[in-house]
Amino acid sequence: MIEFTNRQLEIVEILKKHEPITAEQIAELLGVSKATIRSDLAVLVMTGYLDAKPKVGYFLGESAKKNTGFAHRLSQYTVKDIQGLPVVVQKTTTVHDAVVTLFLENVGSLIVVDEDGYMEGIVSRKDLLKVTLGNPNVSTIPVNMVMSRHPNVVTVSPDDLVIEAARRILHYEVDGLPVVQSSQNDDQKPLVVGRITKTNLTKLLLEIGTEV
């Protein structure tokens, strides 16, 4: 993948706003001479990011249009468009049963809810592994004794942009996030309505990237 310089990226942005535009006009907007940007323009034309027509000037090439289209499409998606079903366990579920659910559902974490579906917390594979090793009482310990509790859990709402969900997944280094509906009552826990994972995000990127 070609890495463009900051000036080359600036030129592409200028073209998005002002195409068609001459080399002299581009140089003037950048505050440099035409000779200074000659090699930048050549690189951008060779890579298909710019096209040029005599007596007309430069305009966006197919590569730039494709990239712009991809970013625009991605920015249109919200979490509710791609979220999956939540994998939940009751807060009274034992650690043993939680481990069984984890493997049967083939997920990295479980969302812990109360009897009405409101989030109590989240329990990860690592949390369960810590408590099960060498512990003969896993069949009696409730999962809410080992989970991360609600205020400390990173979540997203159905109306958040997919890009924001991806940013949180990367920042907190998790495999996925609970999707919750916030309550109007600050004292009430959020209602779990789904989950979004790295797999959901990868499928979306593949779908957009392979569109004809």
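Residues numbered from 1 in each chain as written. Predicted model: local features only at pLDDT ≥ 70, side-chain atom pairs only at ≥ 80, totals over all residues. Heavy atoms only, no water.

Student: Residues and numbers for the overall build of the protein chain, please.
Tutor: When its secondary structure is counted, the protein chain shows 9 helices and 8 strands. Projected onto its principal axes, the C-alpha coordinates of the protein chain cover approximately 80 × 40 × 35 Å. Looking at the protein chain as a whole, 36% of its 212 residues are labelled buried. Here the contacts in the protein chain between residues at least 6 apart in sequence split such that 56% fall between residues at least 24 apart. Carbon and sulfur atoms form 53% of the exposed surface of the protein chain, whose accessible area is close to 13100 Å². Each charge class in the protein chain can be summarised by its mean position, and for the 22 positive and 26 negative side chains these summaries are 6 Å apart. (Helix = DSSP H or I, 4+ residues; strand = E, 2+ residues; numbered from the N terminus. Buried < 20%, exposed > 50% of the residue type's maximum accessible area, 1.4 Å probe, protein only. Contact = heavy atoms within 4.5 Å. Areas by Shrake-Rupley, 256 points an atom, 1.4 Å probe, with all protein chains shown as cover. Lys, Arg positive; Asp, Glu negative; His and termini not counted. Charge placed at Lys NZ, Arg CZ, Asp CG, Glu CD.)

Student: Tell me what's going on with unusual backbone geometry, and back it up with residues and numbers.
Tutor: In this structure, Pro20 follows Glu19 across a cis peptide bond, with omega equal to -10 degrees. Along the polypeptide, Pro20 turns up in the loop between α1 (6-18) and α2 (23-30). Not every positive phi belongs to a glycine, and Lys55 is a case in point at roughly 65 degrees. Turning to its location among the elements, Lys55 is positioned in the loop between β1 (50-53) and β2 (57-60). Lys55 sits in the exposed class, given a relative accessible area of 91%. Its identity is not glycine, yet Asn106 carries a phi of approximately 55 degrees, on the positive side. The residue Asn106 is located in the loop between α6 (95-105) and β4 (109-113) in this model.

Student: Requested: an account of the pairing of β2, with residues and values cited.
Tutor: Two elements, β1 and β2, share 4 bridges in a ladder whose sense is antiparallel. Looking at the pairing, Lys53 lines up with Gly57 of β2. Between β1 and β2, which pair antiparallel in sequence order, lie 3 residues; one of them, Lys55, sits at a positive phi of approximately 65 degrees. (Pairing = 2+ DSSP bridges.)

Student: Tell me about the sheet that holds β4, and please be specific about residues and values.
Tutor: Remark on secondary structure: sheet strands pair via backbone hydrogen bonds, oriented parallel or antiparallel. The strand order across the open sheet built from 4 strands is β3-β4-β5-β6, with neighbouring strands paired in mixed fashion. The strands lining the two open edges of the sheet, one partner per strand, are β3 (88-90) and β6 (148-149). Bridging between strand β5 (residues 119-124) and β6 involves 2 bridges; their strand directions are antiparallel. Directly across from Gly121, in β6, lies its bridge partner Arg149. The sheet contacts of helix α7 (residues 125-132) involve β5 and β6, and relative to β5 the element is tilted by about 70 degrees. (Axes fitted to C-alpha atoms, helices over the stretch in contact; angles between N-to-C directions.)

Student: Requested: an account of the nonpolar core, with residues and values cited.
Tutor: Judged by nonpolar contacts, the single largest core of 18 residues is most densely connected at Ile11, Leu15, Ile26, Leu41 and Leu50. Elements supplying a minimum of two residues to this core: α1, α2, α3 (38-46) and β2. Apart from the residues within four sequence positions on either side, Ile26 is in contact with Ile11, Ile14, Leu15, Ile21, Ile37, Leu41 and Tyr58. Formed by 15 residues, the second largest nonpolar core is a distinct cluster that contains Ala98, Val112, Leu128 and Ile141. (Core = buried A, V, L, I, M, F, W, Y, C linked by side-chain atoms within 4.5 Å.)

Student: I'd like a description of the UniProt feature "domain: CBS" (unreviewed entry) in the protein chain, backed by residues and values.
Tutor: Under the feature "domain: CBS" (unreviewed entry), the UniProt entry names residues 82-140 and 147-211. Helix makes up 34% of residues 82-140 and strand 24%, and the two end C-alpha atoms of the span are 36 Å apart. (UniProt positions renumbered as here; feature names shortened; annotations may be inferred.)

Student: If you had to explain the environment of Met147 to someone new, which residues and values would you point to?
Tutor: Position of Met147 among the secondary structure elements: in the loop between α7 and β6. Since its relative accessible area comes to 9%, Met147 is described here as buried. The contacts of Met147, once residues within four sequence positions are left out, are Val112, Glu120, Gly121, Ile122 and Val123.

Student: Explain the side chain of Asp127 residue by residue, including any values.
Tutor: You can see Asp127 is positioned in helix α7. Within the buried set, Asp127 has no salt-bridge partner at all; the shortest N-O distance to an opposite charge, 5.2 Å, is to Lys130. Discounting chain neighbours no more than four positions away, the residues touching Asp127 are Ile122, Val146 and Ser148. (Salt bridge = Lys/Arg side-chain N within 4 Å of Asp/Glu carboxyl O.)

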